[in-house]
Amino acid sequence: MAQIIDGKAVANRLDEKSKAEVDAMIAAGMQRPGLAVILVGDDGASQVYVRRKIKACQKVGITSIEHRLPADTTQEDLLKLVHELNNDPAVHGILCQVPLPPHIDTRLVLRSISPDKDVDGFHPVNVGRLSTGTGGIVPCTPLGVMILLQSVIDGFKGKDAVVIGKSNIVGKPVANLLLDAECTVTVTHIYTHGLPDICRKADIIVAAAGAPHLVKGDWVKPGAVVIDVGITRVMDEATGKEQLLGDVDFDNCQHAGAITPVPGGVGPMTIACLMANTVQAAKALQS
Ligand code: GUN
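Computed from a predicted structure; not experimentally measured. (Residues numbered from 1 in each chain as written. Predicted model: local features only at pLDDT ≥ 70, side-chain atom pairs only at ≥ 80, totals over all residues.)

Could you clarify how one ought to interpret the site of the ligand in this entry?
Around the ligand sit Tyr49, Leu95, Cys96, Gln97, Val98, Asp120 and Cys140, and that is every residue in its neighbourhood. Residues of the shell around the ligand, tallied by class, amount to five nonpolar, one polar and one charged. (Near = placed C-beta within 6 Å. Nonpolar A, V, L, I, M, F, W, Y, C, P; charged D, E, K, R; others polar.)

Take a look at the structure:
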């Protein structure tokens, strides 16, 4: 039977570590880490995410500074706010929740965040640091994937890894992190030929395609480790209830060495990694 990787438990352990680091910073006379969260408009899902992030800050002892702006906020005003936060010594992390309203140039706003306070790891400077293996802030979901892998794998060196999906926020950064860990990495996408056979050779599969149950049981080598980043909401016709489906046919992967469930796998790690990134940024900015 596959080991089920409990993302909630790993995330809780990471939160405890972050809290201990915050306590140690205070004891050493350093500033308490501060995370500024910007939410523009009233998108329902974004409000839920922002609420969860603020709650997580309370849990680990990070000061959260919320900036809720109306949907008609001008790009100029938003850039002005980011500029102020960049220069505010009490703010160590800045998170601008996306999607932003369509009249705002999202890439321009994300680029205006100081790379040292970019706790999402979306800034091109941090993307460049990651792709050259020179440190920087690692995006939260890819960092969470690596921590989950580390929780079940002894060493990465020489392992064959397949990353399904080439997005900028998951696929590409995960591939870079696995490369840095000395894996042999194959990145696949919608035009890849022979995906089942590519997966069959893999010691590690990270599925981040957003395609429900794309990865079938017979694509998974016995003993392989499978991390499922996909979450797609679908309506179960039989029950009329909404269901969350991962990219992996979990029920038919019991021969895997270890596997994440959906929900309860990668999901809980993302916010815990945001907290860890904020603590790391606060330390770096005060050193
Ligand atoms: N919207 C959905 N997920 C995220 C995230 O991780 N960061 C930001 N800034 N916006 C999001």
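On we go from here.
Explanation requested: the domain arrangement of the protein chain in the structure shown.
You'll often see interface size given as the accessible area lost when the parts meet. Considered domain by domain, the protein chain is made up of domain 1 (29-115) and domain 2 (140-266). The gap between the C-alpha centroids of domain 1 and domain 2 is 30 Å. (Domains from an automatic or database assignment.)

Could you clarify how one ought to interpret the packing of helix H1 (residues 7-27) against helix H9 (residues 267-285) in this entry?
In a packed pair of helices, the relevant descriptors are the angle between the two axes and the axis-to-axis distance. Their axes nearest at 8 Å, the elements H1 and H9 cross at an angle of 15°. Judged by the angle between their axes, H1 and H9 are roughly parallel. Read as a crossing pair, H1 and H9 show a hand that is left-handed. Between H1 and H9, the contacting residues are Gly7, Lys8, Val10, Ala11, Leu14, Asp15, Ser18, Glu21, Val22 and Met25 on the first element and Gly267, Pro268, Met269, Ala272, Met275, Ala276, Val279, Ala282 and Lys283 on the second. Looking at the contact of H1 with H9 residue by residue, the class counts come to 12 nonpolar, three polar and four charged. (Axes fitted to C-alpha atoms, helices over the stretch in contact; angles between N-to-C directions. Helix = DSSP H or I, 4+ residues; strand = E, 2+ residues; numbered from the N terminus. Parallel < 35°, antiparallel > 145°, perpendicular 65-115°, else oblique. Left-handed = near helix turned anticlockwise from the far one by under 90°. Contact = placed C-beta atoms within 7 Å.)

What exactly am I supposed to notice about the nonpolar core here?
Note that soluble globular proteins tend to have their nonpolar side chains buried in a common cluster. Membership of the largest hydrophobic core comes to 80 residues, with the highest contact counts inside it found for Val163, Ile205, Val206, Ala207, Val226 and Met275. Considering every element that reaches this core, the biggest residue donor is H9, with 10 residues. No fewer than three residues from each of domain 1 (29-115) and domain 2 (140-266) sit in this core. (Core = buried A, V, L, I, M, F, W, Y, C linked by C-beta atoms within 7 Å. Buried ≥ 20, exposed ≤ 12 C-beta atoms within 10 Å, placed from the backbone.)

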